Amino acid sequence: MLRGLLTCFVCLLLLGACAPALAEVSVRTDRNGDYLATQVFYAGAYGAETKIWSPRGRGVLRKVEVLNALGDSNGDLWPSICESSLRPHHPLVVWSRFNGVEYDLAWSIWTGERWRDVEWLFGRTDPGDDLDPALVFDSAGRPYAVWWRDVGGDGQVFASTLLVDRWTKPFLISDPSLDSRYPSIEVDEADQLTVTHETKDGTVVQTLSFEFPDTITDDINPQISVDVMVNSVHERTY
């Protein structure tokens with residue numbers, strides 16, 4: 001979205017070979033504490049791994065709130081960031097976080113005063129690395145996430161959506177017989193969700209439809225279903 005491009009500043013800091021690689025994901029606020037923008041600074045010395053989570057330092061004039069300050073030391077991967085479609089357009093962040101054995105998805109959202117405490121999207125029980133999340137908000141302000149899971153060298157694409165205060169279980173949306181990776185997600189003016197992902201045979205384009213019950217609260221286990229329709233397959237040519 002154009003708004004997100006205007007308010008999310010991505011800066012490459014070129015550092016000397018001996019300089020520390022400092023970076024951060026942060027929210028910038030005005031003097032009243034109101035949200036202005038999400039800032040992403042990344043850095044890396046020549047020949048070193050790129051850093052993105054390490055805070056660049058604080059100053060009395062820096063009205064910023066840093067997310068996941070220990071992420072680089074933990075081995076966390078790049079975040080996916082998306083602003084809500086509803087004012088005041090607070091940002092949601094999802095990323096692959098190392099749990100000591102493999103990567104699972106973690107998330108946080110700006111509450112208006114601070115970053116929400118980092119949580120896992122769901123229980124850390126499923127084997128395989130969860131990678132490359134992508135996010136989108138529909139017109140009602142509901143976020144959706146897609147990602148792929150590396151299970152024994154084969155990829156499977158999953159989707160989930162945020163209820164009141166928690167994410168649904170992961171829904172497998174790719175063909176389980178195909179190695180499927182690197183999903184992206186878009187929403188149109190009619191709130192139709194389109195997911196694109198890659199396979200060895202080509203690019204698959206799908207339409208997702210989430211079916212919700214009339215009432216959704218954190219006190220129930222809603223019976224949510226997802227209809228998946230394959231729109232097209234763009235065959236890979238060699």
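None of these values were measured; they are calculated from a predicted model.

Peer 1: What should I look at first to understand the nonpolar core in this one?
Peer 2: Across soluble globular proteins, nonpolar side chains have a tendency to be buried as a group. V146, I173, I185, L193, L208 and F210 are the most contacted members of the largest nonpolar core, which has 19 residues in total. For this core, the secondary-structure elements that each account for two or more residues are strand 9 (129-137), strand 10 (143-151), strand 11 (154-161), strand 14 (193-199) and strand 15 (202-211). Discounting residues that sit within four places of it in the chain, F210 has contacts with Y144, A159, S160, T161, F171, L193, I224, S225 and V226. The next biggest cluster of nonpolar side chains, apart from the first, holds 14 residues, and it includes C82, F122, A145 and L162.

Peer 1: So what exactly am I meant to see when it comes to the pattern of salt bridges here?
Peer 2: Note that side chains of opposite charge can pair when their charged atoms are close. Summed over all chains, the structure comprises seven salt bridges. Here D76 ties to R97 by a salt bridge, and the two come within 3.7 Å at their closest N and O atoms. Of the two residues, D76 is situated in the loop between helix 2 (71-74) and strand 5 (79-83) and R97 in strand 6 (residues 91-98); the sequence distance between them amounts to 21 residues. On the basis of relative accessible area, R97 is assigned to the partly exposed category, the value being 24%. A salt bridge links R116 to D165; the nearest nitrogen and oxygen atoms lie 2.6 Å apart. Here the residue R116 occupies a position in the loop between strand 7 (103-109) and strand 8 (119-120), and D165 occupies one in the loop between strand 11 and strand 12 (171-172), the gap between them amounting to 49 residues.

Peer 1: Which parts of the structure should I look at to understand the packing of aromatic side chains?
Peer 2: In this description, an aromatic ring pair is defined by two values, namely the gap between the centres and the angle between the planes. Enumeration over the complete set of coordinates arrives at eleven aromatic pairs. Ring centres of W110 and W115 lie 5.7 Å apart, and the angle between their planes is 75 degrees; this geometry places the pair in the edge-to-face category. Note on accessibility: W110 and W115 belong to one class, buried. Measuring from centroid to centroid gives 5.1 Å for Y144 and F210, while their planes differ by 55 degrees, and the two rings are tilted. Highlighted residues: Y144 in strand 10 and F210 in strand 15, separated in sequence by 66 residues.

Peer 1: Quick question: what am I supposed to make of the side chain of T199 here?
Peer 2: Along the chain, T199 turns up in strand 14. For T199, the side chain forms a polar contact with the main-chain oxygen of G202, separated by 2.8 Å.

Peer 1: Any chance you could explain the confidence of the model for the chain here in plain terms?
Peer 2: Looking at the chain, the pLDDT average stands at 83 and 79% of residues meet or exceed 70. Low confidence marks residues 1-22, where pLDDT is under 50. Its contacts with residues over four positions away, or in another chain, come to 46 contacts.

Peer 1: Quick question: what am I supposed to make of the side chain of Q39 here?
Peer 2: Summarising the element assignment, Q39 is placed in strand 3 (residues 35-44). For Q39, a relative accessible area of 9% translates into the label buried. Within polar-contact distance, the side chain of Q39 engages the side chain of R28 at 3.1 Å.

Peer 1: Help me understand the sheet that holds strand 10 in this model?
Peer 2: Note: strands within a sheet are paired through backbone hydrogen bonds, in either parallel or antiparallel orientation. Across the sheet, four strands lie side by side as 9-10-11-12; this open sheet has antiparallel pairing. Edge positions in the sheet fall to strand 9 and strand 12, since each has one partner strand and no second. Pairing analysis gives eight bridges linking strand 10 to strand 11, with the strands arranged antiparallel. Bridge pairing links D150 to G155 in strand 11.

Cut-offs used in this document
Residues numbered from 1 in each chain as written. Predicted model: local features only at pLDDT ≥ 70, side-chain atom pairs only at ≥ 80, totals over all residues. Heavy atoms only, no water. Core = buried A, V, L, I, M, F, W, Y, C linked by side-chain atoms within 4.5 Å. Buried < 20%, exposed > 50% of the residue type's maximum accessible area, 1.4 Å probe, protein only. Helix = DSSP H or I, 4+ residues; strand = E, 2+ residues; numbered from the N terminus. Contact = heavy atoms within 4.5 Å. Salt bridge = Lys/Arg side-chain N within 4 Å of Asp/Glu carboxyl O. Phe/Tyr/Trp six-rings, centres within 6.5 Å; stacked < 30°, edge-to-face > 60°. Polar contact = N/O pair within 3.5 Å; in protein donor to acceptor, adjacent residues only side chain to side chain. pLDDT = per-residue confidence, 0-100. Pairing = 2+ DSSP bridges.

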